[in-house]
Amino acid sequence: MIDVLLFRVVLPSEWQEEEMAANGNARVPTAPSAGGVGRNGLAKIQTNKKAEGVCHDDSTPPVKAQTIDELHSLQMKKSAPTTPIDGMKGPFAAFAEDERSKQQLQSISASLASLTRETGPKVVKGDPARQSETPRVSHVSHEITPTISVSDSSLKFTHVLYNLSPAELYEQAIKYEKGSFITSSGALATLSGAKTGRSPKDKRVVRDETTEHDLWWGKGSPNIEMDEHTFMVNRERAVDYLNSLDKVFVNDQFLNWDPENRIKVRIVSARAYHSLFMHNMCIRPTPEELENFGTPDFTIYNAGQFPCNRYTHYMTSSTSIDLNLARREMVILGTQYAGEMKKGLFSVMHYLMPKRQILSLHSGCNMGKDGDVALFFGLSGTGKTTLSTDHNRYLIGDDEHCWGDNGVSNIEGGCYAKCIDLSREKEPDIWNAIKFGTVLENVVFDEHTREVDYSDKSVTENTRAAYPIEYIPNAKLPCVAPHPKNVILLACDAFGVLPPVSKLSLAQTMYHFISGYTALVAGTEDGIKEPQATFSACFGAAFIMMHPTKYAAMLAAKMEQHGATGWLVNTGWSGGRYGSGSRIKLAYTRKIIDAIHSGSLLKATYKKTEVFGLEIPTKVEGVPSEILEPMNTWSDKKTYKETLLKLAGLFKTNFEGFVAHKIGKDDKLTDAILAAGPVL
């Protein structure tokens, strides 16, 4: 038997009647109008038969397109008109917009000009895949003297994809960059190639009359020198590579939320991944700011897919990250790791800001509802991100800040969070920030569901997420705050001899700021079996440009001027070193930080420890009093004292490299800082 399915066409009036019946308000249905009844009493489907005998569905008007290409052209509308120059209207406004666009392209072309050619490449905005024909150019005279600038690359057009939106960059990455995928949360997963972290040994800084006396050179310095000629060789190589491409990505953005001291930066790159990364990490300009952007203060040429020439002087590998502070330029060759751009610009700010008497800081920053501001310094594993992210306080920033006359300002427009072992329970804010627009670097995900496995280290342990700061719910926008009330130095002491919290004098704050101490333990780096002390000047030696004492003197002056208090907080071990003691509970550390924020810890009773001479409170609400004095938690007092002296000796040895440098206008502060160290 064949089942016959009858489909009933329900008219709007019948819908209403059925709804009324369902609600207990049935009424007798009226008969359909004449000509509206079909076979078996069903409503007749009406069609309009045109003169040519073709039936049309007139339920909606037809689209205004004759071809599929025309239909696609209707799908996207032009962006909202840009702000007129000086309030111009009418045909003059259109002329002004054309002139401004022309000036913008001229500026980009000038950025891409090579050393051997006086002018830059021919540039045009837009994706070459969408261009119907080569842009026309005005006829030029044939009476041209051949020069070295005549080449294939000088005859072609370079398409500029300028300040694309995240959606546009997603499309570019997924279509053209292998290894780019949309994850289940909406974030863009990317790969950074062979390099999954920074290459500090391949970073170079031009040593010239500009930097000879300003920068920190020699033993212990992160600044490895190169000369101007070698920089220009690498710049030429990067620019020629970028000009050889059909398209390049250009980002014009800002650094520093303080409007009086912000820096205009231009990033020229070959990958959508890099463009989206910097879109998130730098401050995003408004349309009005972008129209009047003008000439950038600093330019990055990211040709990371192309290696440097290893036979070039000063090169030690196929990777080179080069800074030229006189030219205000940075060149990247041989590494696609996006963090090189972020930290390269941070180094630049470590040079430019102190020149303006503004202190640049590698720190987290948050602010209470009453306007009290705290800075958090700490190396990897100390809990800087965890402790500076507090639901009861506003986040100013997680990594890079400036302290100037107007208070504290975030340098960046985004956050760059570690993802290894990330979970919703441990880091809910970071977890929820990983959504559309976020860049996920080198993570592993399920091939079908696209769900990320944050515990998987198959590509690297250094998995990262880059997202705009507004993705954090309690972020304060704009990212500026008053002068700090507390300066918190975090140390993960795996030797177990530093107290959970100490109040520092100004000299002690400087001593521990310059030292930048923490300890590596097994799991932090391969091959480590026992605690290993590590020191990073100013808690960010890899990024500072001037001598650490320069930044320390500025920090001392700022703290003294604004009455800030220094604190040393140990988030490491208690009751013994790593392997025998136990790590201080995060709940206790949070109670200590809360007491610092509230001001109650300033009112506590203090006593001084031996050797390091640290002031420790006798009581902190919510924290067992016995752990506040480290020696109380050790069962073997002799081993405690031996370990304490060992760590003190490591501090002394590390600080010997800074003894010869005078801090401040006279020797008083220098002598005070030296006296603030451990006494053996």
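See above for the structure.
Note that this is a predicted model, so its numbers are computed, not measured. (Residues numbered from 1 in each chain as written. Predicted model: local features only at pLDDT ≥ 70, side-chain atom pairs only at ≥ 80, totals over all residues. Heavy atoms only, no water.)

(A) Region of interest: unusual backbone geometry. Along the chain, Leu477 connects to Pro478 via a cis peptide bond; the corresponding omega equals -5 degrees. Tracing the backbone shows Pro478 in the loop between strand 24 (464-468) and strand 25 (480-481). Positive phi values are uncommon outside glycine, yet Arg328 reaches one of about 60 degrees. In this fold, Arg328 is placed in the loop between strand 12 (320-324) and strand 13 (329-333). Given a relative accessible area of 35%, Arg328 falls into the partly exposed group. Phi is positive for Asp421, close to 60 degrees, though the residue is something other than glycine. Assignment of secondary structure puts Asp421 in the loop between strand 20 (414-418) and helix 11 (428-433). In this structure Asp421 comes out as partly exposed when scored by relative accessible area, which is 38%. (Helix = DSSP H or I, 4+ residues; strand = E, 2+ residues; numbered from the N terminus. Buried < 20%, exposed > 50% of the residue type's maximum accessible area, 1.4 Å probe, protein only.)

(B) View of the environment of Ile584. Note that Ile584 resides in the loop between strand 32 (582-583) and helix 14 (586-598). In this structure Ile584 comes out as buried when scored by relative accessible area, which is 9%. Residue contacts for Ile584: discarding those within four places in its chain leaves Pro500, Asn570, Gly572, Trp573, Ser574 and Thr589. (Contact = heavy atoms within 4.5 Å.)

(C) Spotlight on the side chain of Ser363. Take Ser363: it is sitting in the loop between strand 14 (359-362) and strand 15 (364-367). Discounting residues that sit within four places of it in the chain, Ser363 has contacts with Leu375, Phe376, Phe377, Lys384, Asp398, Asp399, Glu400 and His401.

(D) Region of the structure containing the sheet that holds strand 18 (residues 400-404). Taken in spatial order, the four strands line up as 14-18-19-25 in an open sheet, and their pairing is antiparallel. Two strands close off the open sheet at either side, each with one partner strand: strand 14 and strand 25. Relative to strand 18, strand 14 is paired through four bridges, and the arrangement is antiparallel. Bridge pairing in strand 18 links Leu359 to Trp403. Taken strand by strand, helix 13 (residues 548-562) contacts strand 14 and strand 18, and its axis lies near 60 degrees from that of strand 18. (Pairing = 2+ DSSP bridges. Axes fitted to C-alpha atoms, helices over the stretch in contact; angles between N-to-C directions.)

(E) The arrangement of the packing of aromatic side chains in detail. For the coordinates displayed, the defined rule picks out 19 aromatic pairs. When the centroid spacing of 5.1 Å and the interplanar angle of 10 degrees are considered together, the rings of Tyr241 and Phe306 count as stacked. Residue Tyr241 is found in helix 6 (residues 228-244), and its partner Phe306 is found in the loop between strand 11 (298-303) and strand 12; the two are separated by 65 residues along the sequence. When the ring of Tyr511 is compared with that of Phe651, the centres are 6.3 Å apart and the planes differ by 20 degrees; the resulting orientation is stacked. Of this pair, Tyr511 sits in helix 12 (residues 506-515) while Phe651 sits in helix 16 (residues 637-655), and the two are 140 residues apart along the sequence. Taking the relative accessible area as the measure of exposure, Phe651 reaches 0% and is therefore buried. Against the face of Phe543 rests Lys343, its NZ or CZ located 4.4 Å from the ring centre. (Phe/Tyr/Trp six-rings, centres within 6.5 Å; stacked < 30°, edge-to-face > 60°. Lys NZ or Arg CZ within 6 Å of the ring centre and 35° of its normal.)

(F) The sheet that holds strand 8 (residues 225-226), seen in detail. Ordered in space as 3-4-9-10-11-13-12-7-8, the nine strands form an open sheet in which the pairing is mixed. Strands at the two margins of the open sheet, each flanked by one partner only, are strand 3 (122-125) and strand 8. Of the pairings in the sheet, the one linking strand 4 (residues 157-162) to strand 9 (residues 247-255) comprises four bridges and is parallel in character. Of the residues in strand 9, the one forming a bridge with Leu161 is Phe249.

(G) Main features of a nonpolar patch on the surface. On the surface, a cluster of nonpolar side chains totalling about 370 Å² of accessible area is made up of Val63, Ile68, Leu71 and Leu74. Examined against the element boundaries, Leu74 turns out to sit in helix 2 (residues 68-75). Judged by relative accessible area, Leu74 falls into the exposed class, the value being 53%. (Patch = residues over 30% accessible without salt bridge, like charges linked within 9 Å, V, L, I, M, F, W, Y side chains within 5 Å. Areas by Shrake-Rupley, 256 points an atom, 1.4 Å probe, with all protein chains shown as cover. Salt bridge = Lys/Arg side-chain N within 4 Å of Asp/Glu carboxyl O.)

(H) Here's a closer look at helix 14. Taking 1.5 Å of rise per residue, the 13 residues of helix 14 would be expected to cover 18 Å, and the 18 Å separating its terminal C-alpha atoms lies within 8% of that figure. For helix 14, the set of buried residues is Thr589, Ile592, Ile593, Ala595, Ile596 and His597. Tucked inside the fold, the buried residues of helix 14 contact strand 15, strand 16 (373-377), helix 10 (384-388), strand 26 (486-491), strand 27 (501-504) and strand 30 (565-570). A positive phi of about 90 degrees marks Gly599, the residue just after helix 14. (Expected span 1.5 Å × (residues − 1).)

(I) Region of interest: the pairing of strand 24. Of all five residues in strand 24, five are buried; the element is thus mostly enclosed. On strand 24, burial covers both faces: Arg464, Ala466 and Pro468 on one face and Ala465 and Tyr467 on the other are all buried. Sheet topology places strand 20 next to strand 24; five bridges connect them, and they run antiparallel. In the strand pairing of strand 24, Cys415 is matched with Tyr467. Pairing of strand 21 (residues 439-441) with strand 24 involves three bridges; the strand directions are antiparallel. Counted as the bridge partner of Glu441 is Arg464 from strand 24.

(J) Looking closely at the nonpolar core. Membership of the largest hydrophobic core comes to 125 residues, with the highest contact counts inside it found for Trp403, Leu440, Tyr467 and Phe612. The element contributing the most residues to this core is helix 9 (residues 339-355), with eight residues. When neighbours within four sequence positions are excluded, Tyr467 is seen to be in contact with Asn280, Gly414, Cys415, Ala417, Ile430, Ala433, Thr438 and Ile472. Core analysis: the next-biggest nonpolar cluster, separate from the first, contains 26 residues, Val248, Val250, Cys308 and Met315 among them. (Core = buried A, V, L, I, M, F, W, Y, C linked by side-chain atoms within 4.5 Å.)

(K) Structural context of the packing of helix 7 (residues 272-281) against helix 9. Running from amino to carboxyl end, helix 7 crosses helix 9 at an angle of 40 degrees, the nearest separation of the two axes being 9 Å. Considering their axes alone, helix 7 and helix 9 lie oblique with respect to each other. In terms of crossing hand, the pair formed by helix 7 and helix 9 is right-handed. Contacts from His274, Phe277, Met278 and Met281 of helix 7 reach helix 9 at Gly339, Met341, Lys342 and Leu345. Residues that form the contact of helix 7 with helix 9 fall into these classes: five nonpolar, two polar and one charged. (Parallel < 35°, antiparallel > 145°, perpendicular 65-115°, else oblique. Left-handed = near helix turned anticlockwise from the far one by under 90°. Nonpolar A, V, L, I, M, F, W, Y, C, P; charged D, E, K, R; others polar.)

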